[in-house]
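Per-entry structural report
Listed below, chain by chain, are the residues.
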Amino acid sequence: MLTQSPYILYSDGNGNIFEDTSLYVTGRTGWEAIPVAEDEWIELPQGGQLYELPGRRGIGIDVKTGEMRLCEKGWAVAAFIPPAHTGFYLAAYETAPDAPTLPLFCYTAAGWLNEKFYVPCIRIEQDIRQDCEGYDESVVESGVQKALEIYPHNRLVQHLANNCALTYKCPAARNYFLGRWECPIPSSPACNANCVGCISFQPEDETIVSTQDRLTFKPSAEEIVEYTVPHLETAPYPIVSFGQGCEGEPLLMWQTIRESIIEMRKHTPKGSININTNGSKPDAVRELCKVGLDSIRVSLNSVRKHIYEPYYCPNNYTFEDIIESLRVVNGFGGWTSINYFVFPGMTDSVEEYEALRKVIKDTGLKMIQWRNFNIDPDWYLGKINVTDTGEFLGVKQLLELIQEEFPHLKYGYFNPPIERIKGNYEIDFAHH
Ligand code: SF4
């Protein structure tokens, strides 16, 4: 634990970052800048990156007077913390009226002390599947070549190779070509939601761009089964997952997915078949459970209807439908997770906490994946018309309170393999 707060960081606008030792760094929660306790900081984990935030001045605490004031020396700085880590506070800054909207990344607070960068976060997931040190690009490339030779006519393998693994550097696609763990199955070019921060489609009139392009074709069940069955058969801790960042909503393709699951299970009982989804179609989910879906992960920015719907802008479904999808899978004894976009000040607000307790009880939820929300904080709160985020607990305290009340509930960042779902959950990933 640190014995003092780290100092604020600033950039010269040319990618060079400096510390200002006249100011301690603060953290943002909702619309507020607050001091961050010493025990909430850890060293910036490997794979973390630092961003300069144009048109923004960092908010710090004067080391002499204790007053809060802006760092006028340069632009504010934030950290993109790597997967498997959950941030407790956003970077705190004042935004100039003409500042550009920030791209779809997370902006965690960051400071400097004793020659090191620090961030307020926790490693929430022990699974190492997306740890950056686990990827050897040359091995990924030879895995891609091999797969393209084995499946020369499979459009999905070509998409995963040329777009996902080699262009977007998608960790899931790269793990597939390394023959291990979770294998992605994008299937839907369309979506029945219009999320403000959609990572696969952004309207023309928005200044920011989506981080990947949406799939442009509907794969057949044959194309899906051709490369996923060998993965289930041979990969360690195998999972195949419908619903990826490079597509729309997989439940719009539920008939093809149903056909694929039936075919997969004809060939192999191994591994877990999972769907990452917005949960909009509980009836389709029921049909998938009937043929062997093992787990579901429903993505959401909030478990409050009046916060969820202005963000997801759903077409022909409601907040209640997504909750029903969790109940359906739980009813079949399947594994249920939420992909919870953590936004300090919103996720840990007292109102959200009470709503979350209710959803956990109502749905028999098994796991919360505490994901950092990849979005410009001002832009997000503006788009959903939130001017006051209300009383808050602190993300660290929220994690503790929920775990205390629901000791069976698992915390993480990734979909668990069947070995964790059905077996010993505490797998020692470092030595598997
Ligand atoms: S549900 Fe997914 S694909 Fe659909 S709009 Fe939202 S983020 Fe985009």
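This structure is a prediction, so every number in the text was calculated from the model and none was measured. (Residues numbered from 1 in each chain as written. Predicted model: local features only at pLDDT ≥ 70, side-chain atom pairs only at ≥ 80, totals over all residues. Heavy atoms only, no water.)

Topic: helix 9 (residues 350-363)
At 3.6 residues per turn, the α-helix brings residues three or four places apart onto the same side. Given a rise of 1.5 Å per residue, 14 residues ought to cover 20 Å, and the 20 Å separating the end C-alpha atoms of helix 9 matches this to within 8%. Burial in helix 9 covers these residues: E352, Y353, A355, L356, V359, I360 and T363. The buried residues of helix 9 occupy an angular sector of 165 degrees when projected down its axis, which confines them to one face. Along helix 9, exposed side chains directed more than 90 degrees from the buried face belong to K358 and K361. In the core, the buried residues of helix 9 are packed alongside helix 8 (319-331), strand 19 (335-342), strand 20 (367-372) and helix 11 (395-405). Immediately downstream of helix 9, the backbone of G364 shows phi near 65 degrees, a positive value. (Helix = DSSP H or I, 4+ residues; strand = E, 2+ residues; numbered from the N terminus. Expected span 1.5 Å × (residues − 1). Buried < 20%, exposed > 50% of the residue type's maximum accessible area, 1.4 Å probe, protein only. Arc of directions from axis to C-beta. Contact = heavy atoms within 4.5 Å.)

Quick notes on the packing of helix 6 (residues 282-290) against helix 8
Packing of helix 6 against helix 8 brings their axes to within 8 Å, and their N-to-C directions diverge by 15 degrees. Judged by the angle between their axes, helix 6 and helix 8 are roughly parallel. Every pair of crossing elements has a handedness; the one defined by helix 6 and helix 8 is right-handed. In this structure, helix 6 uses P282, V285, R286 and C289 to contact helix 8, whose residues at the interface are D321, E324, S325, V328 and V329. Considered class by class, the residues forming the contact of helix 6 with helix 8 number 5 nonpolar, 1 polar and 3 charged. (Axes fitted to C-alpha atoms, helices over the stretch in contact; angles between N-to-C directions. Parallel < 35°, antiparallel > 145°, perpendicular 65-115°, else oblique. Left-handed = near helix turned anticlockwise from the far one by under 90°. Nonpolar A, V, L, I, M, F, W, Y, C, P; charged D, E, K, R; others polar.)

Description of empty space enclosed by the protein
Within the structure shown, the criterion is met by 3 cavities of 30 Å³ or more. In this model, the largest cavity occupies a volume close to 90 Å³. Listing elements by their share of the lining of the largest cavity, those giving two or more residues are strand 1 (7-11), strand 7 (56-62) and strand 9 (75-80). By residue class, the composition of the lining of the largest cavity is 11 nonpolar, 2 polar and no charged. Tallied by class, residues from the lining of the second largest cavity come to 8 nonpolar, 3 polar and no charged. (1 Å grid on protein atoms, 1.4 Å probe; cavity = no way out; pocket = protein on both sides within 12 Å on 5 of 7 lines; lining within 4 Å. Points joined across faces, edges and corners; volume = space filled by probe spheres on them.)

Let's talk about the pattern of salt bridges
A side chain of one charge can pair with a side chain of the opposite charge when the charged atoms of the two come close. Tallied over the full model, the rule gives 29 salt bridges. The shortest N-O distance in the salt bridge between E263 and K266 comes to 3.1 Å. Of this pair, E263 and K266 both sit in helix 5 (residues 254-267), 3 residues apart, which is roughly one turn of that helix. The exposure class of K266 is exposed, given its relative accessible area of 62%. In this structure, a network of salt bridges that share partners links the residues D283, R286, E324 and R327. (Salt bridge = Lys/Arg side-chain N within 4 Å of Asp/Glu carboxyl O.)

Quick notes on the domain arrangement of the protein
How big an interface is tends to be expressed through the accessible area that disappears when the partners come together. Split by domain assignment, the protein resolves into domain 1 (7-123) and domain 2 (132-431). Spacing between the C-alpha centres of domain 1 and domain 2 amounts to 29 Å. Taking both partners together, domain 1 and domain 2 bury about 2600 Å²; carbon and sulfur atoms supply 64% of that area. By the criterion of area lost to domain 2, the three top residues of domain 1 are W31, T101 and L104, representing 28% of everything that side buries. Viewed at the interface, domain 2 and domain 1 are joined by 2 salt bridges. (Domains from an automatic or database assignment. Buried area = accessible area lost by both parts, 1.4 Å probe.)

Here's the deal with the sheet that holds strand 4 (residues 32-34)
Strand order across the open sheet formed by 3 strands is 4-3-11, with antiparallel pairing between neighbours. The strands lining the two open edges of the sheet, one partner per strand, are strand 4 and strand 11 (90-91). Relative to strand 4, strand 3 (residues 27-29) runs antiparallel, the two sharing 3 bridges. For T29, the partnering residue across the bridge sits in strand 4 and is E32. (Pairing = 2+ DSSP bridges.)

Re the side chain of D348
Mapped onto the fold, D348 is located in the loop between strand 19 and helix 9. No salt bridge is formed by the buried D348. Its closest oppositely charged neighbour is R304, at 8.2 Å. Here G394 takes part through its backbone nitrogen, which lies 2.8 Å from a polar atom of the side chain of D348. Excluding its chain neighbours within four sequence positions, the residues that come into contact with D348 are T29, F343, E391, F392, L393, G394, V395 and L398. (Lys, Arg positive; Asp, Glu negative; His and termini not counted. Polar contact = N/O pair within 3.5 Å; in protein donor to acceptor, adjacent residues only side chain to side chain.)

Points about the site of the ligand
All residues in the neighbourhood of the ligand are listed as C191, A193, C195, C198, S200, R214, E247, G248 and N278. Residues of the shell around the ligand, tallied by class, amount to 4 nonpolar, 3 polar and 2 charged. (Near = heavy atom within 4 Å.)

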